[in-house]
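Chains, contacts and geometry: an overview
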Amino acid sequence: MSPGRLMKLARGCISGCEFPFPVSSPGAPPLPDDLCVVFVVELDKGPYGLGMGLIDGLHTPLNAPGIYIRTLIPDGPAASDGRLRIGDRILAVNGTSLIGADYQSAVDLIRLGGGRLRFLVAKSDPEVSEKISASSC
């Protein structure tokens, strides 16, 4: 799916319309690996933030633009939610697209986004997760 089409669908999702794509929720059975899944996760910042580290995909063996989850801190809000995984791509924060955004812009958006943040996330496949995990940045 093209980024433009994805963001068109995402805008409807973020503004409160029905989800036009599969949505994952805590405790839901896993979906097939070959299905592209985009979902919304709302997280409350803890005393040490969200408990996740991000990386720009251009600085990984993936060599593709995008903001990806690089680390999840055990027992942090992101890991405790249970749906996020290393390699997942953050598409939007609080309705603001990260498509084409650089790393610092994404981090600033999250830091200044308030105590509760709404993320639009694209689930990654195992190959992407492996390349993100292999990054040395």
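Structure first, text after, so check above.
Everything numeric in this text was worked out from a predicted model, so none of it was measured.

Quick look at the pattern of salt bridges now. Between side chains of opposite charge, a pair can form when the charged atoms approach closely. According to the stated counting rule, one finds six salt bridges in the structure shown. Here R118 ties to E42 by a salt bridge, and the two come within 3.2 Å at their closest N and O atoms. Of this pair, R118 sits in strand β6 (residues 116-122) while E42 sits in strand β1 (residues 38-44), placing them 76 residues apart in sequence. Where D81 meets R83, a salt bridge forms, and the shortest distance between an N and an O atom there is 2.8 Å. Note on accessibility: D81 and R83 belong to one class, buried. Bridged by salt links that share partners, the residues E42, D44, R116 and R118 form one connected network.

Attention shifts here to the environment of S133. Along the chain, the position of S133 falls in helix α4 (residues 126-133). A C-alpha to C-alpha distance of 9.3 Å links S133 and P61, two positions 72 residues apart in sequence.

The biggest cluster of nonpolar side chains holds 19 residues, and the ones touching the most others in it are M52, L84, I90 and F119. Mapped by element, the contributors of at least two residues to this core are β1, β2 (52-56), β3 (67-72), β4 (89-93), α3 (103-111) and β6. The contact partners of I90, leaving out residues within four places of it in the chain, are L54, I67, I69, L98, F119, L120 and V121.

Parameters and conventions
- Residues numbered from 1 in each chain as written.
- Predicted model: local features only at pLDDT ≥ 70, side-chain atom pairs only at ≥ 80, totals over all residues.
- Heavy atoms only, no water.
- Salt bridge = Lys/Arg side-chain N within 4 Å of Asp/Glu carboxyl O.
- Helix = DSSP H or I, 4+ residues; strand = E, 2+ residues; numbered from the N terminus.
- Buried < 20%, exposed > 50% of the residue type's maximum accessible area, 1.4 Å probe, protein only.
- Core = buried A, V, L, I, M, F, W, Y, C linked by side-chain atoms within 4.5 Å.
- Contact = heavy atoms within 4.5 Å.

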